[in-house]
Amino acid sequence: MQIRSSKPLARQGLAAAIALLAVALAPSAFAQGGGQWPQQSPQAYPPQQQLQAPTQPQYPQGYGQPQYQGYGQQQPNQQLYPPLQPQQAYPSQSPQQVAPAAPLPSTAGGAQVPAYPSAQQPLQPTPAQQLPVHAAPAQQPAPTQAAPSLAAPARATPGQAAKPTGALQQTAQVGELPKERVEADVSTRSVAITSSFTGTEIVVFGSVENSRQETAESGLYDIAITIEGTATPVVTRKKENVGGLWINTKAQTFQGVPSYYAIVSTRPVSEVAEAAVLNANQIGFEHISMKPIPGAKAPPASELDSFKEAVIRRKQADKLYQKSDYGVAFIGRSLFRSAVNLPANVPVGPLVAHVYLFKDGKLLSKYSSKVSLQREGIERYMHDFAFDYPLFYGIFAVFIAVAAGLIASSLFKKGSH
Amino acid sequence: MSFYLPIAEMSASIFIFLGMGAAVGFLSGMFGVGGGFLMTPLLIFSGVPAAVAVGTEAAQIVASSVSGAIAQYRRNNVDIKMGVVLLTGGVVGSAIGVQVVKILRQIGQFELFVSLTYVTFLGIIGTLMLIESLNTIRKTQAGQKVSARRPGQHSWIHGLPFKMRFHRSKLYISAIPPLLIGAFVGFLGAIMGVGGGFVMVPAMIYLLRVPTNVVVGTSLFQIVFVTAATTIMHATQNFTVDIVLAMLLMIGGVIGAQFGAVAGEKLKGEQLRALLAGLVLLVCLRIAYGLITTPSDLFSISGMMGGH
């Protein structure tokens, strides 16, 4: 699950604005939907209670109560939430609306689940109810569940209120099974390269929403995870024996070569999908799109391939390209996890983790997350110093050297006398 | 205990580089040489990019030369005027060398060029030194008296213009030969990551006929300034000076040099030279071996240079 804690303020601000809008439009909306919902339900949304109380004196009992008290009272009766579930159909709005419902600690996905423990059960009643969920932002399953309550028709605009019912009816009529979707995250969003950096491990984990596989072993789904570094140009050189010496004679420059690349999958990617799909997403070493630099005279295809293979081979030798054909394991029907090593020599720069969900060779869903890889502390300072102020850096290096020499000679003198 | 080197961009064991610095420092203290010709190949063998090894070694040579230069200066063994002429040439040669390093890195021939210069110069110097020291040993064993003084003689060098008087060296010669020698040594130093004492000292003795008592001091004097300039130029042109690595080598080096100097006092001059010659030839052969054996992978990759 993606935790979008980076912009909580903006999110809450937006949410507040929507809440105000909802208040302004409340009368008509409430009139439309109010009857369908338990009277107590509004209690769950203290901030809105407060906002709405003045304009909605006729609101059901409980509305006028002080907000936090109201929330506190609400705690024991969380069962009240379930009926709201159909509102899942609103996923796209849910994140904003969740925020004003401040009892929920934040918009952080996982955090909200425990807040509504009992809500989970009633959630399941019919598959049809869950159907529209796939419209939700992949990373925010929990807000989706919370959303219904927030978006309670009473406070939504008429237009908004109409949507879910429409969607529900549709899905109910079609009777399709819910679409599978992958949700994932990485264990470390930010890797600091400090003076003690000796490499690290990144765990990628996630789940298949609406998984239809019976057990972890049934192998209905395939997961492929790639972690890519920045695309950079790379020069490949080939040595030839010239008069007894091995000398670089031929060179080929490729563009768009990921500085780092790891591919882990539930089984070899060649078995997972066809080359076209893999190429399109750069899944697997052979499917990394590295192109000869334009302008230069391109060698024949066979030679170009040998240069390409050399790039991959050398990168693998440096542990910068890694592959694990069975490196992703399902832990349950839907949960999977995998670990990828970042070696100490990993080139500094942002990494992107992609998680792909396949079924029967078809790419069902994908998910991406960024991992920042930055120099920190003295490493960062030294590197910036060397590259931003090279002259001063050089002078500093000489200064240190002279100082070291002088200190050494003075120590030696003291020692010898 | 590992440490991440900021410029070399690799994680390395502190003790390996401290030990390397100490071992080379021991040898340089024993033989009275800078040790760059040993350290740079060692760094390259241990996985440090060749260009970073060369740039970083320049900084380390400043450290190892500065105390020697000051000691020699105090004993009035430095011909400042000669040193200034040499280092003027040296800085120019070094500037050219740094640019050559830059170009060679771009066309992918830097490693080859470094290896070839090492094999050539270590081979020549090592062989000459070995022959000379073995001859001396044989002569001393035969009971002959060995004269360190060579008869003064006129050569084509004395016909060149721009004559200058070098009081400390008791010479009145053209400024052109010292400038050229300085430039050549500076150029080599920038490319090979060495101070160039092993070229400078014989050149001063045999070509310029500088008295031996001022040769070492003057050579050290110019090495300090030329390698300091080289360090700054490598830092600004190639971004290949790793201060952290240099400091590790310096610490190991100064400690090793103290023990080496003590050990060196127990050996005779010609024995030391024979040992040093053997060491130089070993390094030479090791590098030559790398050039002629079939590499395990004919291909190599590198990032684009100069795109920063």
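Everything numeric in this text was worked out from a predicted model, so none of it was measured.

Okay, the overall build of chain A next. Scanning chain A for helices and strands turns up 15 helices and 13 strands. By the burial criterion, 49% of the 417 residues in chain A qualify as buried. Considering only contacts in chain A between residues 6 or more positions apart, those separated by 24 or more positions represent 74%. Here chain A has roughly 19200 Å² of accessible surface; of this, 58% comes from carbon and sulfur atoms.

Below, the discussion takes up the pattern of salt bridges. The full count for this structure, using the stated rule, is 11 salt bridges over all chains. Of the charged contacts in the structure, one is a salt bridge between Glu180(A) and Lys359(A), with a shortest N-O distance of 3.0 Å. Taken together, the positions of Glu180(A) in the loop between α10 (158–174) and β1 (181–186) and Lys359(A) in strand β12 (residues 351–359) put the pair 179 residues apart, joining distant regions of the chain. Residue Glu180(A) is classed as buried on the basis of its relative accessible area, which comes to 5%. Note that Arg313(A) is salt-bridged to Asp297(B), the shortest N-O span being 2.8 Å.

Bringing the pairing of strand β13 (residues 362–375) of chain A into the picture now. All names here are of chain A. Pairing of strand β2 (residues 190–193) with β13, which is carried by 4 bridges, proceeds in the parallel orientation. By the bridge assignment for β13, Ile193 is matched with Arg375. Here 9 bridges tie β12 to β13, and the two strands are oriented antiparallel to one another. Within β13, the residue paired with His354 across the bridge is Ser368. Between β12 and the antiparallel strand that follows it, β13, lie 2 residues; Asp360 among them carries a positive phi value of about 50 degrees.

Opposite the 54 residues of chain A that make contact, chain B presents 50 residues. It is Arg237(A), Trp246(A) and Phe387(A) that lose the most area in chain A upon contact with chain B, and together they represent 16% of the buried surface on that side. Two residues, Arg314(A) and Asp297(B), come together in a salt bridge whose shortest N-O distance is 3.1 Å. At the junction of chain A with chain B, the criterion picks out 14 residue pairs in polar contact (both at pLDDT 80 or more). Among the secondary structure elements, those contributing two or more residues to the side of chain A that touches chain B are β5 (231–242), β6 (245–258), α13 (301–317), α14 (377–388) and α15 (390–416) of chain A. With 18 residues, the single largest contributor to the side of chain A that touches chain B is α15(A). Classifying every residue of the side of chain A that touches chain B by side-chain character gives 31 nonpolar, 14 polar and 9 charged. Of the strand pairs in this sheet, β5(A) and strand β5 (residues 299–303) of chain B are connected by 5 bridges, and their pairing is antiparallel.

In this section: the pairing of strand β4 (residues 171–174) of chain B. Pairing analysis gives 4 bridges linking strand β3 (residues 163–166) of chain B to β4(B), with the strands arranged antiparallel. Considered in β4(B), the bridge of Met164(B) is made with Ile173(B).

The next point concerns the side chain of Ser265(A). Residue and element names in this part refer to chain A. Within the secondary structure, Ser265 is located in strand β7 (residues 261–265). Separated by 2.8 Å, the side chain of Ser265 and the backbone oxygen of Arg267 make a polar contact. Only 3.4 Å separates the side chain of Ser265 from the backbone oxygen of Asp325, close enough to count as a polar contact.

Another aspect to go through is the packing of helix α4 (residues 80–107) of chain B against helix α8 (residues 212–238) of chain B. A pair of packed helices is captured by two measures, namely the crossing angle of their axes and the spacing between those axes. Residues and elements named next belong to chain B. At a minimum axis distance of 8 Å, the contact between α4 and α8 shows a crossing angle of 30 degrees. In this view, α4 runs roughly parallel relative to α8, as classed from their interaxial angle. Helix-helix and strand crossings are classified by hand; for α4 and α8 the assignment is right-handed. For the contact of α4 with α8, a count of residues per class yields 14 nonpolar, 10 polar and 2 charged.

Right, let's get into the sheet that holds β5(A). The antiparallel open sheet is built from 4 strands, whose spatial order is β8(A)-β6(A)-β5(A)-β5(B). Looking at the sheet topology across the chains shown, the edges are occupied by β8 (291–292) of chain A together with β5 of chain B. Of the strand pairs in this sheet, β5(A) and β6(A) are connected by 11 bridges, and their pairing is antiparallel. From the neighbouring strand, Val242(A) faces β6(A), where its bridge partner is Leu245(A). The strands that α13(A) touches are β5, β6 and β8 of chain A together with β5 of chain B; relative to β6(A), the one it contacts most, it runs at about 80 degrees.

Throughout the structure, instances matching the rule amount to 12 aromatic pairs over all chains. Here Phe197(A) and Tyr4(B) contribute two aromatic rings whose centre-to-centre distance is 6.0 Å and whose plane-to-plane angle is 75 degrees, an arrangement assigned as edge-to-face. Taken as a pair, Phe197(A) in the loop between β2 and β3 (200–209) and Tyr4(B) in strand β1 (residues 2–5) lie in two separate chains rather than in one. Under the relative-accessibility criterion, Phe197(A) is labelled buried at 5%. Their ring planes at 50 degrees and their centres at 5.9 Å tell us that Tyr261(A) and Tyr321(A) sit as a pair that is tilted. Here Tyr261(A), found in strand β7, pairs with Tyr321(A), found in strand β9 (residues 321–324); they are 60 residues apart in sequence, far enough to count as distant. Given a relative accessible area of 0%, Tyr261(A) falls into the buried group. A relative accessible area of 2% means that Tyr321(A) is categorised as buried.

Residue and element names in this part refer to chain B. Remark: helix α5 (residues 110–142) packs on helix α6 (residues 176–192), axes separated minimally by 10 Å, with the N-to-C direction vectors making an angle of 125 degrees. Judged by the inter-axis angle, α5 sits oblique to α6. The way α5 lies across α6 gives a crossing that is left-handed. Contacts between α5 and α6 pair Phe110, Phe113, Val114, Thr117, Tyr118 and Phe121 from the former with Phe184, Leu188, Ile191 and Met192 from the latter. Across the contact of α5 with α6, the residue classes tally to 9 nonpolar, 1 polar and no charged.

Rules and cut-offs
- Residues numbered from 1 in each chain as written.
- Chains lettered and ligands numbered in written order.
- Predicted model: local features only at pLDDT ≥ 70, side-chain atom pairs only at ≥ 80, totals over all residues.
- Heavy atoms only, no water.
- Helix = DSSP H or I, 4+ residues; strand = E, 2+ residues; numbered from the N terminus.
- Buried < 20%, exposed > 50% of the residue type's maximum accessible area, 1.4 Å probe, protein only.
- Contact = heavy atoms within 4.5 Å.
- Areas by Shrake-Rupley, 256 points an atom, 1.4 Å probe, with all protein chains shown as cover.
- Salt bridge = Lys/Arg side-chain N within 4 Å of Asp/Glu carboxyl O.
- Pairing = 2+ DSSP bridges.
- Buried area = accessible area lost by both parts, 1.4 Å probe.
- Polar contact = N/O pair within 3.5 Å; in protein donor to acceptor, adjacent residues only side chain to side chain.
- Nonpolar A, V, L, I, M, F, W, Y, C, P; charged D, E, K, R; others polar.
- Axes fitted to C-alpha atoms, helices over the stretch in contact; angles between N-to-C directions.
- Parallel < 35°, antiparallel > 145°, perpendicular 65-115°, else oblique.
- Left-handed = near helix turned anticlockwise from the far one by under 90°.
- Phe/Tyr/Trp six-rings, centres within 6.5 Å; stacked < 30°, edge-to-face > 60°.

In short, geometric facts, not functional conclusions.
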